[in-house]
Amino acid sequence: EARIRELLDGIRNGDQTQSKLQDQITNLMAQLGVLRADFEKEKEKNLAHCNHVTALLARIQNLESNLAAALKERDRALAAEEEMRLKYSQLDIFKLDMIARELKKLDQSLGLIRDEARAHGADAKKMTNFRDQAVIAEYSNQSTEKMGDCKTHVRNIIEQCFSELQKMHIGVAATEEGLVAEKRALDEGKRPVHAT
């Protein structure tokens, strides 16, 4: 959890740095445009003011150099932010895989409890007291039905919320089309998309 917070802070800092750099770039570009316009005016107005023109040229070159440095810094910040996003994405996928495994265990446990409830219903038929037999059979039927509903709900969550690869890792049937689509997404460097 601390690692995730650290990664999220890194992403936020990257966003702030990128925003500041973008503002600097915009400001520098505006200044550069003004200076170029001034330069052209001065050049047309009077070529005799050579010293002033030379100073403007030096300022333009300085601003162009600053702009190039700011663009380079922005690109570096974008690359660092993308790296942080990728690391966070990998942690997120790891957590989802753990959740999927726990849901699969829960699904199996619900199946065992449902089987036990069915067995109690079968044992109830052997009882000689019909009233007790009816009560236990009814309770067994209700328990079996509720466990079946819970099991179905867990399976629906697994089906809707997890990728084909995660389903395959926990032993749930995955479709071939889904696996091919996921492999293609991973090859292209994208995170697999699935329903949520």
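Just above, that's the structure.
Within every chain, residues take consecutive numbers counted from 1 along the sequence as written. The model is predicted, so local features are restricted to residues of pLDDT at least 70 and side-chain atom pairs to those at 80 or more, both for listing and for counting; the totals for chains, interfaces and linings are taken over all residues. Calculation of side-chain values draws on the structure's entire complement of heavy atoms; hydrogens and water are dropped beforehand.

A run of DSSP states H or I qualifies as a helix once it reaches four residues; a run of E qualifies as a strand once it reaches two. Both are numbered from the N-terminal end. Mapped onto the elements of the fold, Ile170 is located in the loop between helix H4 (164-169) and helix H5 (176-187). The buried label goes to any residue with under 20% of its type's maximum accessible area, the exposed label to any with over 50%, and the partly exposed label to all in between, with areas taken from a 1.4 Å probe on protein chains only. Judged by relative accessible area, Ile170 falls into the buried class, the value being 9%. Along the backbone, Ile170 and Arg101 are 69 residues apart, and their C-alpha atoms lie at a distance of 5.6 Å. If we ignore the near neighbours within four places in the chain, the residues touching Ile170 are Ala100, Arg101, Lys104 and Ile158. The contact rule is simple, with two residues in contact once any of their heavy atoms fall within 4.5 Å.

With 10 residues, the main nonpolar core is built from Ile25, Leu28, Leu32, Leu35, Phe39, Leu56, Ile60, Leu63, Leu67 and Ala70. Of all elements in the fold, only helix H1 (2-45) and helix H2 (50-124) reach the threshold of two or more residues within this core. Every residue in contact with Leu63, bar those within four places of it in the chain, is listed here: Leu28, Gln31, Leu32 and Leu35. Throughout this description, the term nonpolar core refers to a set of buried Ala, Val, Leu, Ile, Met, Phe, Trp, Tyr and Cys residues connected via side-chain atoms within 4.5 Å. In this structure, Leu96, Ala100, Leu110 and Val154 belong to the second largest nonpolar core, which totals nine residues.

The term salt bridge refers to a side-chain nitrogen of Lys or Arg lying within 4 Å of a carboxyl oxygen of Asp or Glu. Taken as a whole and judged by the stated rule, the model has eight salt bridges. Among the ionic pairs, Asp123 bridges to Lys126, the shortest N-O distance being 3.9 Å. Taken together, the shared-partner salt bridges connect Asp107, Lys151 and Arg155 into one network.

What follows covers the environment of Ser109. Along the chain, Ser109 turns up in helix H2. On a C-alpha basis, the gap between Ser109 and Met147 in space is 9.7 Å, while along the polypeptide they are 38 residues apart.

This part takes up the side chain of Ser140. Checked against the element boundaries, Ser140 lands in helix H3 (residues 130-161). Under the relative-accessibility criterion, Ser140 is labelled buried at 3%. Beyond its immediate stretch of four places on either side in the chain, Ser140 contacts Ala117, Arg118, His120 and Gly121.

It is worth spelling out H3 at this point. End to end, H3 covers 46 Å across 32 residues, agreeing with the expected 46 Å (1.5 Å per residue, within 8%). Residues Gln133, Ser140, Ser143, Thr144, Gly148, Lys151, Val154 and Ile158 constitute the buried set of H3. Here a helix's expected span is defined as the number of its residues, less one, multiplied by 1.5 Å.

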